[in-house]
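Here's the letter readout for the chains.
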Amino acid sequence: MRVLGLDTSNYTTSAAVFDGREGDNRSRLLEVRPGELGLRQSDALFQHVKRLPALLEQLAEEGQLKNVQAVGASTRPRAVEDSYMPCFLAGESQGKVLAAALDIPFFAFSHQEGHLAAAAWSAGRLDLLDRPFLAWHLSGGTTELLRVEPQGASVRAEIVGGTSDISAGQLMDRIGAILGLPFPAGKALDALSRQGEAAAFQVKLCGLTFSLSGMENQGKAMAERGEPPANVARFAVETAADVVLRATAEAQRRWPGLPVLCSGGVASNSLLQERLTTSCQALFAPTQYSTDNAAGVAVLTWRAEEATR
């Protein structure tokens, strides 16, 4: 059985197919004007509407959409009340149209659920979706520590920690802008930080919660006094990695024995992966499934349709 998943996040248009074992994700980053730190929702929605048909045509030309048995889409950021972003309307509306035209089921999931499923599947641990685990959702807009439990074909995620203000991804993007790096800056900042000297600031951890907003000002001050760009990049990455690591260790003390899964674009940072893999045995998705993608939605769609049979 093959299913189709769609995800139209604030920065990536993606479509994926999944057959219970193998998946194929196609995605394209949205265009952000040079010097800007994001997109208005109306601009993101417009780009999704234009680009999603081309991705589906690619899959169709390769025979990937033959005998599709169900369609799923991310329809909101999180699976909680009042969670809403207009950009998800593109994937939801086109997914519902496809399902109606083909007379097959449509399943709705949250963007966060998709991230967790994509990370679990691509890390070779799809079994995690059927047991409790800890997870980080680390992205351009989210730095949340989650306690996750199975819920039907999907999962239920409870926020137990993370940032109280800006996300790790926002910190890195803003530091990247200070250094003149393209947006989103994660990949370039990661590479640049590898050339710098370690200079982390130990952010205060209050239980499992922390604040990163002051680190933007510190990074800006470093750049203004002539610190080498690589050192500023290293400061941002090391600081974020250090506090995430300490929060993870504390969560493992509170919930011993639970595995830790890391998802979201920031989870592809190489230094972060080294720190958490070595110290906490955390699991990470390959880079292409850490960033926004529809593979996780397709995985959950397959599980939902399989459960009805």
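This section reports on the structure supplied with the text.

Thresholds applied
Residues numbered from 1 in each chain as written. Predicted model: local features only at pLDDT ≥ 70, side-chain atom pairs only at ≥ 80, totals over all residues. Heavy atoms only, no water. Core = buried A, V, L, I, M, F, W, Y, C linked by side-chain atoms within 4.5 Å. Buried < 20%, exposed > 50% of the residue type's maximum accessible area, 1.4 Å probe, protein only. Helix = DSSP H or I, 4+ residues; strand = E, 2+ residues; numbered from the N terminus. Contact = heavy atoms within 4.5 Å. Pairing = 2+ DSSP bridges. Axes fitted to C-alpha atoms, helices over the stretch in contact; angles between N-to-C directions. Parallel < 35°, antiparallel > 145°, perpendicular 65-115°, else oblique. Left-handed = near helix turned anticlockwise from the far one by under 90°. Nonpolar A, V, L, I, M, F, W, Y, C, P; charged D, E, K, R; others polar.

1. Digging into the nonpolar core
- If you look at the biggest cluster of nonpolar residues, it comprises 42 residues, and the most contacted ones within it are Trp 136, Phe 210, Leu 212, Val 244, Cys 262 and Leu 276.
- Elements with a contribution of two residues or more to this core: β6 (133–138), α4 (168–178), α5 (186–193), α6 (213–224), α7 (229–254), β11 (260–263) and α8 (270–280).
- Looking at this core element by element, the count peaks at 13 residues for α7.
- Excluding anything up to four places from it in sequence, Phe 210 contacts Trp 136, Thr 143, Gly 162, Thr 163, Ser 164, Val 203, Lys 204, Leu 205, Val 243, Val 244 and Ala 247.

2. Some remarks on the sheet that holds strand β1 (residues 2–8)
- On the basis of which strands lie adjacent, the open sheet formed by 5 strands has the order β3-β2-β1-β4-β5 and mixed pairing. Since the sheet does not close on itself, it has two edges, and those belong to β3 (23–29) and β5 (106–110), each with one partner. Each strand of the sheet is rotated relative to its neighbour by a mean of 20°, with strand direction disregarded.
- Judged from the 5 bridges that link them, strand β4 (residues 68–76) and β5 form a sheet pairing that is parallel. Paired with Ala 73 across the two strands is Ala 108, which belongs to β5.
- Across the sheet, helix α3 (residues 111–122) is in contact with β1, β2 (12–18), β3, β4 and β5; its angle to β5 comes to roughly 90°.
- Against the sheet, helix α10 (residues 295–307) engages β1, β2, β3, β4 and β5, with an angle of about 125° to β4.

3. Let's talk about the pairing of β6
- When you tally the buried positions in β6, you get 6 out of 6 residues, the bulk of the element.
- Residues Phe 133, Ala 135 and His 137 line one face of β6 and the alternating positions Leu 134, Trp 136 and Leu 138 line the opposite face, and both faces are buried.
- The sheet contact formed by β6 and β11 spans 4 bridges and is parallel. Pairing of His 137 across the sheet is with Ser 263, part of β11.

4. Quick notes on the environment of Gly 140
- With respect to the secondary-structure elements, Gly 140 resides in the loop between β6 and β7 (143–151).
- Take Gly 140: its relative accessible area is 32%, and that puts it in the partly exposed class.
- Taking the C-alpha atoms as reference points, Gly 140 and Ser 211, separated by 71 residues in sequence, lie 15 Å from one another.
- Ignoring any residue separated from it by four or fewer positions in sequence, one finds Gly 140 in contact with Ser 167, Gly 169 and Gln 170.

5. Thoughts on the packing of α6 against α7
- Running from N to C, α6 and α7 cross one another at 165°; their axes reach a closest spacing of 9 Å. The angle between the axes of α6 and α7 places the two elements in the roughly antiparallel class. In this structure, α6 meets α7 at a crossing whose hand is right-handed. Contacts between α6 and α7 involve Met 215, Gln 218, Gly 219, Met 222 and Ala 223 from the former and Asn 231, Val 232, Phe 235 and Thr 239 from the latter.
- Here the residues of the contact of α6 with α7 are counted per class, giving 5 nonpolar, 4 polar and no charged.

6. Focus on the sheet that holds strand β8 (residues 154–163)
- Sheet architecture is open: 7 strands sit in the order β9-β10-β8-β7-β6-β11-β12, paired in mixed fashion. Unpaired on one side and paired on the other, β9 (205–206) and β12 (283–284) mark the two borders of the sheet.
- With 2 bridges connecting them, β9 and strand β10 (residues 209–210) associate as antiparallel partners. When the sheet's bridge partners are listed, Leu 205 is paired in β10 with Phe 210.
- Strands in contact with α3 are β6, β7, β8 and β11; relative to β11, the strand with the most contacts, it is inclined by about 115°.

The values are spatial; any link to function lies outside them.
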